[in-house]
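Here's the letter readout for the chains.
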Amino acid sequence: MSEEQKKYTDSGIEIKPVYSSTDVPETHDQKPGTFPFTRGVQPDMYRGKLWTMRQYAGFSTAEESNKRYHYLLSQGVSGLSVAFDLPTQIGYDSDHALAEGEVGKVGVAIDSLEDIQTLFQGIKLEDVSTSMTINATGFILLAFYVALAKQQGADLKKITGTIQNDILKEYAARGTYIYPPKPSMRIITDIFEWSSQEIPKWNTISISGYHIREAGSTAVQEIAFTLSNGKAYVEAALKKGLDINVFGKRLSFFFNAHNNLFEEVAKFRAARKMWATIMKDLGATDPKAMMLRFHTQTGGSTLTAQQPLNNISRVTIQSLAAVLGGTQSLHTNGYDEALSLPTEEAARIALRTQQIIAFESGVPDTADPLAGSYFIESLTAEVEAAAGKLMEKIDAMGGSVSAIEQGFIQQEIAKSAYEYQRNIETGEKIIVGVNKFEVDKETPIPLLRVDDSIRQVQVEKLKVLRNNRDHAKVDQLLQIINDKASSGENMMPAVVEAVENKCTLGEIADTLREVYGEYK
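Residues numbered from 1 in each chain as written. Predicted model: local features only at pLDDT ≥ 70, side-chain atom pairs only at ≥ 80, totals over all residues. Heavy atoms only, no water.

Asker: Looking at this structure, how should I read the sheet that holds strand β10 (residues 294-298)?
Answerer: Sheets are built from strands that pair by backbone hydrogen bonding, the pairs being arranged parallel or antiparallel. An order of β7-β6-β5-β4-β3-β11-β10-β9-β8 is seen for the nine strands of this open sheet, with the pairing classed as parallel. Edge positions in the open sheet fall to β7 (202-203) and β8 (205-208), since each of these has one partner strand only. Direction of pairing for strand β3 (residues 52-57) relative to strand β11 (residues 329-331): parallel, over a ladder of three bridges. In the strand pairing of β11, Arg54 is matched with His331. Strand contacts of helix α1 (residues 62-74): β3 and β4 (79-83), with the helix running at about 150 degrees to β4, the strand carrying the most contacts. (Pairing = 2+ DSSP bridges. Helix = DSSP H or I, 4+ residues; strand = E, 2+ residues; numbered from the N terminus. Contact = heavy atoms within 4.5 Å. Axes fitted to C-alpha atoms, helices over the stretch in contact; angles between N-to-C directions.)

Asker: Mind showing me how you'd approach the pairing of β8 here?
Answerer: In regular strands, side chains alternate between the two faces of the sheet. Alternating residues of β8 divide into Ile205 and Ile207 and Ser206 and Ser208, and every residue in both groups is buried. Pairing of β8 with strand β9 (residues 251-257), which is carried by four bridges, proceeds in the parallel orientation. The residue bridging Ser208 from the neighbouring strand is Phe254, located in β9. (Buried < 20%, exposed > 50% of the residue type's maximum accessible area, 1.4 Å probe, protein only.)

Asker: How should the pattern of salt bridges be read in this particular structure?
Answerer: Between side chains of opposite charge, pairing is possible as soon as their charged atoms come close. According to the stated counting rule, one finds 35 salt bridges in the structure shown. Where Arg455 meets Glu100, a salt bridge forms, and the shortest distance between an N and an O atom there is 3.8 Å. Of this pair, Arg455 sits in helix α17 (residues 454-467) while Glu100 sits in the loop between α2 (86-89) and α3 (113-119), and the two are 355 residues apart along the sequence. Its relative accessible area of 18% is what places Arg455 among the buried residues. (Salt bridge = Lys/Arg side-chain N within 4 Å of Asp/Glu carboxyl O.)

Asker: Explain helix α16 (residues 408-425) here, please?
Answerer: A turn of α-helix holds 3.6 residues, and therefore any two residues three or four places apart point the same way. Its 18 residues give α16 an end-to-end C-alpha distance of 26 Å, which sits within 8% of 26 Å, the value for a rise of 1.5 Å per residue. By the burial criterion, the buried members of α16 are Phe408, Ile409, Glu412, Ile413, Ser416, Asn423 and Ile424. Buried residues in α16, looked at end-on, bunch into an arc of 150 degrees, giving them a common side. Away from the buried face of α16 by more than 90 degrees, exposed residues Lys415, Tyr418 and Glu425 are located. (Expected span 1.5 Å × (residues − 1). Arc of directions from axis to C-beta.)

Asker: Can you walk me through helix α12 (residues 310-324) in this structure?
Answerer: Spanning 15 residues, α12 covers 22 Å between terminal C-alpha atoms, matching the ideal 21 Å at 1.5 Å per step. Buried within α12 we find Asn311, Arg314, Val315, Gln318, Ser319, Ala321, Ala322, Val323 and Leu324. The inward-facing, buried residues of α12 contact β9, α10 (261-281), β10, β11 and α13 (344-360). The first or second residue beyond α12 is Gly326, which carries a positive phi of 90 degrees.

Asker: For this particular structure, what's the right way to read the pairing of β4?
Answerer: Burial runs high along β4: five of the five residues are buried. Neither face of β4 is open: one carries Gly79, Ser81 and Ala83, the other Leu80 and Val82, and all of them are buried. Summarising the sheet, β3 and β4 pair through four bridges and their orientation is parallel. Bridged to Tyr56 within β4 is Ser81. Of the pairings in the sheet, the one linking β4 to strand β5 (residues 129-133) comprises four bridges and is parallel in character.

Take a look at the structure:
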């Protein structure tokens, strides 16, 4: 066969013209819900319970975001998912000089417990599952959430949700880190330890391949780098003396879904199998601690600003891949997100896409419906083998933290991103409406704009907060956080007490900047 006729997945795995039983790897007849969970973490998958339909939202002020949450809940979402603005993500209050021009832009601005109270006004935290996309300041946002739950009189043993809290992928792909890797890992193990006692149903980390993929990695790299990061968190927790069978059950993952339907399904199946084996090798004996449970978001980087309504079709294919691949929870992107934050209409269509798959497509009627397909089984094995090879390289460097410090993971992602872009520019890879099937004139679509005056609103709120609090108490509590950060004692109880006494996000983040410094 000549070179031109060969076909490859985006990860460079060659696709044969036809597959047969000889291509299927020799595996025992696995059942869903049993080790190594290739076919799903539940025996009956979606027949028992559909995936959680989340819509990621958060923009402008807590008041505005609260309105969107009430709207989404009225439209049938079963879980909330909070986006935070950049200053909140990197530990600056809205009145900090570096926050200018960014307040409320890519998510909601949260400076204090009062903002969280407003964000969840009229929503009982015991009744919803909340996912928060927050990393460097994840421990502070979790403290705000717990403080609000206490004020609402909620049973902390019942509150459910997830903080992303995955700092390693920030160094590798996304960039919203504050402190150096080692102290950051220590904050994460503090969260694991404290949460297992206080909020046992909370997922303390969502180990994220999503942003690794958004930065330009392939599907194979996405799972190799994500599972390597997961392994590093587990090893750090074991070093701290935590029980793998306890904290292992609260680890969750966050993956991307792109357009290559079959490679994406194979990726999700391979990831589950690989993680189960990793956890078993690290000493887990409880099957629940070996299960890879994951949230999926459709691929933001696949959305095009050209002919944006085409994105509805892309998101549908990606959502199908996630459901066929056995996701536990799903966010579907709005068709307008290459241009702005999603409008209410775009968010509704995105949610309806999930509901149509759930109630009209028949896909959820049986567990792992693509199992046994010659192509899918072969591709699952190939993805697993290629990702395994990459993980061996990372292990040889001393694990994820070392591989990131040496720049290996960043370079690998950059190479793939360059290659992908080059293929689009040469026309080897066709993107409909971008490098083929273009139109001369685009129909304008309505966009959601966030006003710059939001910052002034937040600054005023901070002024009032700072004038109405016990300054001596604030200083004392920030000093306690400083002492615990220095001594190695668990910081979480002190952080919760600090937010309850009106300490701001920026003040707590700055206290740790004094102890740990900033990672450059």
